[in-house]
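In case you want the letters, here they are:
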Amino acid sequence: MGGVAVWAGWLSPAAQAQMVADVRAVAAAAPFFTPETPRGQKMSVRMTAAGDYGWVSDRRGYRYERRHPSGVAWPPIPGSVLAVWRALSGVDRAPQCCLVNWYGEGAKMGLHQDRDEADLAMPVVSISLGDDALFRVGGTVRGGPTRSVWLRSGDVAVLGGAARLAYHGIDRVRPGSSTLLPRGGRINLTLRVVD
Ligand code: MD3
Ligand code: FE
């Protein structure tokens, strides 16, 4: 599908290790939480965020918020992460949200669109760390054809243009496929302009 660019192995092993350390610091300030769908279903992915906004979901709905559910402000987006946005986003605006998704054993993310951002002309930049993940992307119509690609640690995907409103999700993570995270699993960072 047009508008998906995957930069395989963009981050060196050293850069990945630095980013994991930076994510740990983010999570120390803004701990991972388990989002619930508006219907009260716990998601299998745990989340936190950095930047002006984080994305939260609970029984009141899903939305961007300026504070973590605990009430603290989100920590700043790490410089290591901002550098990837500057290199690959192709836009002059700074990202306002770095959403952090943590996939443990069996976690997945169902097909969805990202459309809570005000300016859908702004791309989303996605950084994969840790275990390999089977990413599925389709078109802008639910139930249409999809294709799948494995995302590996250090890969960066830029989603823009026609892909910005594409349905997408993570079908599964391959346990033990990376040694980056000491307890295994996968971290995905998505950088977004929100408003
Ligand atoms: C295609 N995250 O946080 S990243 C999400 O790996 C999300 O955690 C997945 O979908 C993950 O919303 C996939 C790749 C991605 C991110 C945003 C997109 C693909 C996208 C927005 C539009 C189209
Ligand atoms: Fe998404």
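Residues numbered from 1 in each chain as written. Chains lettered and ligands numbered in written order. Predicted model: local features only at pLDDT ≥ 70, side-chain atom pairs only at ≥ 80, totals over all residues.

## Details of the site of ligand 1
- Near ligand 1, the surroundings consist of 16 residues, among which Asn-101, Asp-114, Ser-126, Leu-159 and Asn-188 are the closest.
- For the shell around ligand 1, the elements supplying multiple residues, two or more each, are β5 (97-103), β7 (124-130), β10 (156-159), β11 (168-173) and β12 (186-192).
- Taken together, the residues that form the shell around ligand 1 break down as 9 nonpolar, 5 polar and 2 charged. (Near = placed C-beta within 6 Å. Helix = DSSP H or I, 4+ residues; strand = E, 2+ residues; numbered from the N terminus. Nonpolar A, V, L, I, M, F, W, Y, C, P; charged D, E, K, R; others polar.)

## Things to note about the UniProt feature "binding site: substrate" (unreviewed entry) in the chain
- Under the local residue numbering, the UniProt record ascribes the feature "binding site: substrate" (unreviewed entry) to Trp-55, Tyr-62, Arg-63, Tyr-64, Asp-116 and Arg-142. In sequence the annotated residues extend across 88 residues, and in space they extend as well, their farthest C-alpha pair lying 23.4 Å apart.
- Position of Tyr-62 among the secondary structure elements: in strand β4 (residues 61-65).
- Beyond its immediate chain neighbours, meaning those up to four positions away, Tyr-62 contacts Pro-38, Trp-55, Val-56, Ser-57 and Asp-116.
- With respect to the secondary-structure elements, Tyr-64 resides in strand β4.
- A tally of 20 C-beta atoms within 10 Å means that Tyr-64 is categorised as buried.
- Sequence-distant contacts of Tyr-64, that is, excluding residues within four places in its chain, are made with Tyr-53, Gly-54, Trp-55, Cys-97, Asp-116 and Val-194. (UniProt positions renumbered as here; feature names shortened; annotations may be inferred. Contact = placed C-beta atoms within 7 Å. Buried ≥ 20, exposed ≤ 12 C-beta atoms within 10 Å, placed from the backbone.)

## Considering the pairing of strand β8 (residues 133-138)
- By the bridge criterion, 6 bridges tie β8 to strand β9 (residues 146-151) in an arrangement that is antiparallel. Its bridge partner being in β9, Phe-135 is matched across the sheet by Val-149.
- The pairing of β8 with β11 spans 5 bridges and is classified as antiparallel. Counted as the bridge partner of Val-137 is His-168 from β11. (Pairing = 2+ DSSP bridges.)

## A closer look at the nonpolar core
- Core analysis: the largest hydrophobic core is formed by 41 residues, its most contacted members being Ala-49, Cys-98 and Val-100.
- The dominant element in this core, judged by the number of residues it contributes, is β5, at 5 residues.
- Beyond its immediate chain neighbours, meaning those up to four positions away, Val-100 contacts Val-23, Val-26, Met-47, Thr-48, Ala-49, Ile-187 and Leu-189. (Core = buried A, V, L, I, M, F, W, Y, C linked by C-beta atoms within 7 Å.)

## Some remarks on the sheet that holds β8
- Ordered in space as β6-β11-β8-β9, the 4 strands form an open sheet in which the pairing is antiparallel. A single partner strand is all that each edge strand has here, and the edge strands are β6 (109-112) and β9. Ignoring strand direction, the axes of neighbouring strands in this sheet form an average angle of 25 degrees.
- By the bridge criterion, 2 bridges tie β6 to β11 in an arrangement that is antiparallel. Looking at the pairing, Met-109 lines up with Ile-170 of β11. (Axes fitted to C-alpha atoms, helices over the stretch in contact; angles between N-to-C directions.)

## Some details on helix α1 (residues 13-29)
- For α1, which comprises 17 residues, the first-to-last C-alpha distance of 25 Å matches the rise-based estimate of 24 Å (1.5 Å per residue) to within 8%.
- Buried residues belonging to α1 abut β2 (46-51), α2 (79-88), β5, β7 and β12. (Expected span 1.5 Å × (residues − 1).)

## Remarks on the UniProt feature "binding site: 2-oxoglutarate" (unreviewed entry) in the chain
- Feature annotation in UniProt places "binding site: 2-oxoglutarate" (unreviewed entry) on Asn-101, Trp-102, Tyr-103, Arg-186, Ile-187, Asn-188, Leu-189, Thr-190, Leu-191 and Arg-192, given in this structure's numbering.
- Along the chain, Arg-186 turns up in strand β12.
- Taking the C-beta count within 10 Å as the criterion, Arg-186 has 27 such neighbours and is therefore assigned buried.
- The residues touching Arg-186, leaving out its near neighbours within four places in the chain, are Tyr-103, Ser-128, Leu-129, Gly-130, Asp-131, Ala-133 and Val-173.
- Here Leu-189 shows up in strand β12.
- Leave out the neighbours within four places in its chain, and Leu-189 touches Val-81, Cys-98, Val-100 and Ile-127.

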